[in-house]
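Summary of structural features
Given next are the chains, with one letter for each unit.
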Amino acid sequence: AYTSPGDLTLASAGSLTITGDLLNDGSGGINLIAGWDGATTDTALLLNAGVFGNNNSGVLIGGTSGIADASVGSLSGNTVVAGKTVTVDSSSFNTQIGYRGAGQGAITVKATDNILVTASAFTALIGNGGSGVTGTISGDITVTTAGGSIIVEATNSSTIAGIGNIGGAGSSQS
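The rules behind these values
Sequence order sets the numbering: in each chain, residues are counted from 1 along the sequence as written. Under the rules for a predicted model, residues below a pLDDT of 70 receive no local features and side-chain atom pairs below 80 are neither given nor counted, while totals for whole chains, interfaces and linings still include all residues. To get the side-chain values, all heavy atoms of the structure are used, and hydrogens and water are removed first. Pairing between strands is defined by DSSP: at least two bridges between them are needed. Only DSSP runs of H or I with at least four residues qualify as helices, and only runs of E with at least two residues qualify as strands; both kinds are numbered from the N terminus onward. Working convention: axes come from line fits to C-alpha atoms, limited for helices to the stretch in contact. Angles between N-to-C directions cover 0 to 180 degrees. When accessible area is computed with a 1.4 Å probe and restricted to protein chains, residues below 20% of their type maximum are described as buried, those above 50% as exposed, and intermediate ones as partly exposed. By the convention used here, residues are in contact when the closest approach between their heavy atoms is within 4.5 Å. In this description, a nonpolar core means a group of buried Ala, Val, Leu, Ile, Met, Phe, Trp, Tyr and Cys residues linked to one another through side-chain atoms lying within 4.5 Å.

Section: the sheet that holds strand E6 (residues 70–74)
Spatially, E3-E6-E9-E12-E16 is the arrangement adopted by the five strands of the open sheet, whose pairing is parallel. Both edges of this open sheet fall to strand E3 (22–24) and strand E16 (161–163), since each of them pairs with a single strand only. On average, each strand axis in the sheet is inclined to that of its neighbour by 15 degrees, with strand direction left out of account. The sheet contact formed by E6 and strand E9 (residues 95–97) spans three bridges and is parallel. Each residue of the ladder has a partner; that of Ser71, found in E9, is Gln96.

Things to note about unusual backbone geometry
One non-glycine residue, Asn55, lies in the positive phi region at around 60 degrees. Mapped onto the secondary structure, Asn55 falls in the loop between strand E4 (30–34) and strand E5 (59–62). Within the chain, Asn56 stands out as a residue other than glycine whose phi angle is a positive 55 degrees. With respect to the helices, strands and loops of the structure, Asn56 is situated in the loop between E4 and E5. You can call Asn56 exposed: its relative accessible area is 63%.

Concerning the environment of Ile97
Structurally, Ile97 is set in strand E9. In this structure the C-alpha to C-alpha distance between Ile97 and Thr85, which are twelve residues apart in sequence, comes to 14 Å. Contact partners of Ile97, with chain neighbours within four places excluded, come to Ile61, Val72, Thr79, Val81, Val86, Val88, Ile107, Val109, Leu125, Ile126 and Gly127.

Details of the pairing of strand E8 (residues 86–89)
On E8, burial covers both faces: Val86 and Val88 on one face and Thr87 and Asp89 on the other are all buried. Two strands pair when backbone bridges link them, and E8 and strand E11 (residues 115–119) are joined in this way by four bridges, in the parallel orientation. Counterpart to Asp89 in the pairing with E11 is Thr118.

Some words on the nonpolar core
Leu32, Ile61, Ile97, Val109 and Ile126 are the most contacted members of the largest nonpolar core, which totals 23 residues. Of all the secondary-structure elements, those providing two or more residues to this core are strand E2 (16–18), E4, E5, E6, E8, strand E10 (107–111), E11 and strand E12 (124–126). Excluding its chain neighbours within four sequence positions, the residues that come into contact with Ile126 are Val88, Ile97, Ile107, Val109, Ile115, Val117, Ile141, Val143, Gly162, Ile163 and Gly164. Membership of the second largest hydrophobic core comes to six residues, among which are Ile33, Phe52, Val80 and Ala82.

As for the sheet that holds E5
Here we have five strands laid out as an open sheet, ordered E2-E5-E8-E11-E15, and parallel in their pairing. For this open sheet the edge positions go to E2 and strand E15 (150–154), each flanked by a neighbour on one side alone. The mean angle between the axes of side-by-side strands here comes to 5 degrees, regardless of whether they run parallel or antiparallel. Taken together, the three bridges between E2 and E5 define a ladder with parallel strand orientation. Residue pairing in the sheet places Leu16 in a bridge with Val59 of E5.

Rendered as structure tokens:
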């Protein structure tokens, strides 16, 4: 984790895989853009058609090669994740697009194809907070796909897969 009021943008013409935490404890946003067009640098334009999702490139949070919990999010800044596909896969550890903690930042996830949130062994989440988090947890969440499906699945009864801000006992979500 780091603390910054400035935005961090990781843009790649290829795919992006995050297998650990990328958390901003400050107010700056985090942008992960896979299949980037290589030209657009204005962050206000990163979600325009043709800017992301090129070259069959997507974003994977976690997956079978995860080495620890993998969360991407900002305490109070915007978190943006975009690619051809966006996958939050808890095969190895807890995975999350959103701030793991009492976060309030907005979250935007956009794909030109499928968005998959799958919990096979641990929690997989698009949202701020987490199952053991206390405090006030908020932030708008927008999840859209241009031509695919949004699939949220827990493959066994002891896992959680979801889109939304969640918290443990003593927390409040909005």
